[in-house]
Amino acid sequence: MTTLTAWLRDPSPTSRRQARLGQAYLAWLRLKRNRLAMIGLAIVALLIIVAALAPWIAPHDPITQALRERLQPPLTPGHILGTDDFGRDILSRLIVGSRITLFIIALVAVTAPVFGLIIGTVAGYFGGWTDEILMRITDIFLAFPKLILALALVAVLGPGMENAVLAIAITSWPPYARVARAETLTVRNSDYIAAVRLQGAGAARIIWGHIMPMCIPSVIIRVTLDMAGVILIAAGLGFLGLGVQPPMPEWGAMISAGRKYLFEQWWVATMPGMAIFIVSLGFNLLGDGLRDVLDPRNSGK
Amino acid sequence: MALIEIDTLSVTFTAKGRPVRAVKGVSLNVAQGESYGLVGESGSGKSTILRAICGLAPVSGGTIRIGGQPLPHPRGPAFSRQVQMVFQDPYASLHPRHTIDRTLSEPLAIHGIGNTDQRVTQALNDVGLPPNFRFRFPHQLSGGQRQRVAIARALMLEPSILLLDEPTSALDASVQAETLNLLNRLRAERGLTFLMVSHDLAVIDHMCDRILVMQHGQAVEELPREALARAEMKTDYARSLFAASADRMLGA
């Protein structure tokens, strides 16, 4: 262990990999000092572990109905968080539903930011007409409220998880394009870009190898902070019946189903609400911590 | 024949809708192997001339020829292998997220030159940096070390002309001399031609064979080093500039 840390902290690394891992290790040390970020990281890690092990740790089948046991209150033996209106164990549904949430988050996280990053850096680097056209398209997408646009898209494409993901991705890329463009504008006139241009580098190499690395930290921060919003939109679509379809245990759809019993059997809607709240909080705390670690303006201190 | 020929060069920027003439009809010639200095106060247009040569500033009149050939637009790979530049501020001219290795091997990758490992180690050695600096990041280096990396980067493509934009003004006094000596040594070893910008006559005196004094975007006076050493300026402006740094020159 000590030899590994010594290797990571070596001020004169001997290979590209050691240099990169060393930097990651330093970033990790800085993140570790932030207690709230560690809480956020723990929540996100817990979500991933639960989703990975869902079929083995869920105490009951999340879909099979047991009408004799419907609407059992929390702390009932065998059903710690109670049961819903079809007698399904809420804890099991939350555990299995974490897979759906994670799947949506992951798909949105790998599509929207990448697309936004490309649009933003290209617009910022070339400027002029390219910038005008790309940014006006971005403005058009930004002009619609996110949820409304997602609703319209799902209404056109038809309900379902894949279409919900697509709709969320299409509505959430513009902020990333904005962030990436702003970052590109601050970087593109710097001496190190002038230097590589003077060496004869083409636009693609400059954008990919020199500008994007400078934009990625702010985009990553933005992604983690937006994840809470993505979960809420996915839940909103599920709530309105346009996202994941029953009997799949999606958290938003579970809240929607519990709405009818909100006053007498409060736990049916509250438990998935708590799950959404905790996961959103986790991503927000992690995003705040990452901002302190990854922000280029803080690095080198 | 002169290697760099600049004839009545004008550069006009547009700032807030108004044209700003940064360089007004400046002419100069630099011979092969010569070290030529541009001196003047801030805003006199001396750095703009270097940027115009590199195609980084809008030329509105006049011509720039290198080796008798007018420069193509855009500059192209042949230009990169002939002319390179060392920037003023080594804190801003190295990519903060690239290792020294990446910074130095990038020009090789762009021009498809192989043998990267050996060339990068050799380049570090040439500028007097230990080989274990290769995988460090710029923020792990001091200002002087960064400027050495910037010089090594400029020399990766083995250019014949080096444009130096106040290469020591961002460095400590003690490191300045080291860096200037390094540049002089490299020039002697490789037969480089320098076109150097500075506001510091002491630096120019140490480095340059001939100098051109500039003010408000215009050439004021051209004088050889001997004339500078004997303080034989014809114009008042050049004399006042000399007076401002004379005590340091005498001390050096």
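Residues numbered from 1 in each chain as written. Chains lettered and ligands numbered in written order. Predicted model: local features only at pLDDT ≥ 70, side-chain atom pairs only at ≥ 80, totals over all residues.

Asker: Teacher, can you tell me more about the overall build of chain B here?
Answerer: Regarding its fold elements, chain B presents 9 helices and 10 strands. A compact globule built from 252 residues would reach a C-alpha radius of gyration of about 18 Å, and chain B, at 18 Å, matches this within 12%. Across its three principal directions, the C-alpha atoms of chain B cover 50 × 45 × 40 Å. Buried residues in chain B amount to 43% of all 252 residues. Contacts in chain B between residues far apart in sequence, at least 24 positions, make up 70% of those at least 6 positions apart. (Helix = DSSP H or I, 4+ residues; strand = E, 2+ residues; numbered from the N terminus. Rg over C-alpha atoms; globule rule 2.2 N^0.38 Å. Buried ≥ 20, exposed ≤ 12 C-beta atoms within 10 Å, placed from the backbone. Contact = placed C-beta atoms within 7 Å.)

Asker: In this structure, what is going on with the UniProt feature "transmembrane region" (unreviewed entry) in chain A? I would like to understand it.
Answerer: All names here are of chain A. Mapped onto this structure's residue numbering, the UniProt feature "transmembrane region" (unreviewed entry) falls at residues 36-58, 100-126, 147-172, 223-245 and 265-287. Secondary structure across residues 36-58 comprises 96% helix and 0% strand; the distance between its end C-alpha atoms is 29 Å. Annotated as residues 147-172, this span is 88% helix and 0% strand, and its ends, taken at the C-alpha atoms, are 10 Å apart. (UniProt positions renumbered as here; feature names shortened; annotations may be inferred.)

Asker: What am I meant to see in the interface of chain B and chain A here?
Answerer: By convention, interface size is frequently given as the accessible area that disappears when the constituent parts associate. Of the residues lining the interface, 29 residues belong to chain B; the matching set on chain A comes to 26 residues. Within the residue set of the side of chain B that touches chain A, elements represented by two or more residues are helix H2 (76-82), strand E6 (83-86) and helix H3 (100-110) of chain B. With 4 residues, the single largest contributor to the side of chain B that touches chain A is H3 of chain B. Each residue belonging to the side of chain B that touches chain A can be placed in one class, and the counts come to 14 nonpolar, 9 polar and 6 charged. (Nonpolar A, V, L, I, M, F, W, Y, C, P; charged D, E, K, R; others polar.)

Asker: Would you mind going over the sheet that holds strand E1 (residues 4-15) of chain B with me for this structure?
Answerer: Consider a sheet: its strands pair through backbone hydrogen bonds, and that pairing is either parallel or antiparallel. All names here are of chain B. Strand order in the open sheet formed by 4 strands is E2-E1-E4-E5, and the pairing between neighbours is antiparallel. In this open sheet, the two edge strands, each paired with only one partner strand, are strand E2 (18-30) and strand E5 (69-70). With 2 bridges joining them, strand E4 (residues 59-66) and E5 adopt antiparallel strand pairing. Considered in E5, the bridge of Ile 66 is made with Gln 69. Helix H1 (residues 46-53) rests against E1, E2 and E4 of the sheet, and its axis sits at about 80 degrees to E2. (Pairing = 2+ DSSP bridges. Axes fitted to C-alpha atoms, helices over the stretch in contact; angles between N-to-C directions.)

Asker: I keep staring at the pairing of E2 of chain B and nothing clicks. Help me out?
Answerer: Looking along a regular strand, one sees the side chains alternate between the two faces of the sheet. Residues and elements named next belong to chain B. As paired elements, E1 and E2 share 9 bridges and run antiparallel to each other. Within the sheet, the bridge partner assigned to Val 11 lies in E2 and is Val 23. Between E1 and E2, which follow one another and run antiparallel, lie 2 residues, and Lys 16 among them has a positive phi close to 50 degrees.

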